[in-house]
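# Structural characterization, general
Chain residues, written in single-letter form:
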Amino acid sequence: MSKTETVTVDLDTPITRESEKIDQVKLRKPMAGELRGLSLAEVINLDVDSITKLVPRISTPTLTEPEVRNMDPADLTECGKEIAGFLLQKRHKG
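Below you will find a few notes about this structure. None of these values were measured; they are calculated from a predicted model.

Rules of the game
Residues numbered from 1 in each chain as written. Predicted model: local features only at pLDDT ≥ 70, side-chain atom pairs only at ≥ 80, totals over all residues. Heavy atoms only, no water. Pairing = 2+ DSSP bridges. Helix = DSSP H or I, 4+ residues; strand = E, 2+ residues; numbered from the N terminus. Contact = heavy atoms within 4.5 Å. Axes fitted to C-alpha atoms, helices over the stretch in contact; angles between N-to-C directions. Buried < 20%, exposed > 50% of the residue type's maximum accessible area, 1.4 Å probe, protein only. Expected span 1.5 Å × (residues − 1). Polar contact = N/O pair within 3.5 Å; in protein donor to acceptor, adjacent residues only side chain to side chain. Core = buried A, V, L, I, M, F, W, Y, C linked by side-chain atoms within 4.5 Å. Salt bridge = Lys/Arg side-chain N within 4 Å of Asp/Glu carboxyl O.

Note on sheets: strands pair through backbone hydrogen bonds, and any given pair is parallel or antiparallel. Taken in spatial order, the three strands make up an open sheet running E1-E2-E3, and their pairing is antiparallel. In this open sheet, the two edge strands, each paired with only one partner strand, are strand E1 (6-17) and strand E3 (59-60). By the bridge criterion, eight bridges tie E1 to strand E2 (residues 20-28) in an arrangement that is antiparallel. Within the sheet, the bridge partner assigned to Asp-10 lies in E2 and is Gln-24. Docked against the sheet, helix H4 (residues 73-86) engages E1 and E2, running at close to 160 degrees with respect to E1.

Pasting the structure below:
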């Protein structure tokens, strides 16, 4: 099996969890099972509900759906763009 592909997203607006501030989120390439219940087209088109369900499945630290729903829209968009990039075959990436 190949090495797991990951990216780090620097958040413009940190997420506060109790006394902890999360200013970076690492996302890993989802496996097919982690996409269950989601439409690939909606994920690629950055559908908010789809991205909100997927980020908790592939993030480190693991974010909750309510935390993702409360993210700065720019941060959510950046996460979605990185996830959409994971779904392209290598030959289609620049």
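What follows is about helix H2 (residues 48-58). Taken residue by residue, H2 has Ser-50, Ile-51, Thr-52, Leu-54, Val-55, Pro-56 and Ile-58 as its buried positions. Against E2, helix H1 (40-44), E3, helix H3 (65-69) and H4 lie the buried residues of H2.

As a further point, take H4. With 14 residues, H4 should cover 20 Å at 1.5 Å per step; its first-to-last C-alpha distance of 20 Å lies within 8% of that length. Where H4 is concerned, the buried positions are Asp-75, Leu-76, Cys-79, Gly-80, Ile-83, Ala-84 and Phe-86. Sitting at the head of H4, Asp-72 places a side-chain oxygen 2.8 Å from the backbone nitrogen of Ala-74.

Turning our attention to the nonpolar core. With 20 residues, the main nonpolar core has Leu-27, Leu-54, Val-55, Leu-63, Met-71 and Ile-83 as its most contacted residues. Elements supplying a minimum of two residues to this core: E1, E2, H2 and H4. Beyond its immediate stretch of four places on either side in the chain, Ile-83 contacts Leu-27, Val-43, Ile-51, Leu-54, Val-55 and Ile-58.

Let us look at the pattern of salt bridges. Scanning the entire structure with this criterion turns up five salt bridges. When the shortest N-O distance is used, the salt bridge between Glu-34 and Arg-28 registers 2.4 Å. When its relative accessible area of 27% is taken as the criterion, Arg-28 is described as partly exposed. Of the charged contacts, one joins Asp-49 and Arg-69 as a salt bridge, the two residues approaching to 3.4 Å between their closest N and O atoms. Note that Asp-49 is positioned in helix H2 and Arg-69 in helix H3, a separation of 20 residues in sequence. What makes Arg-69 partly exposed here is its relative accessible area of 45%.

Spatial relationships are all this shows, so hold off on functional conclusions.
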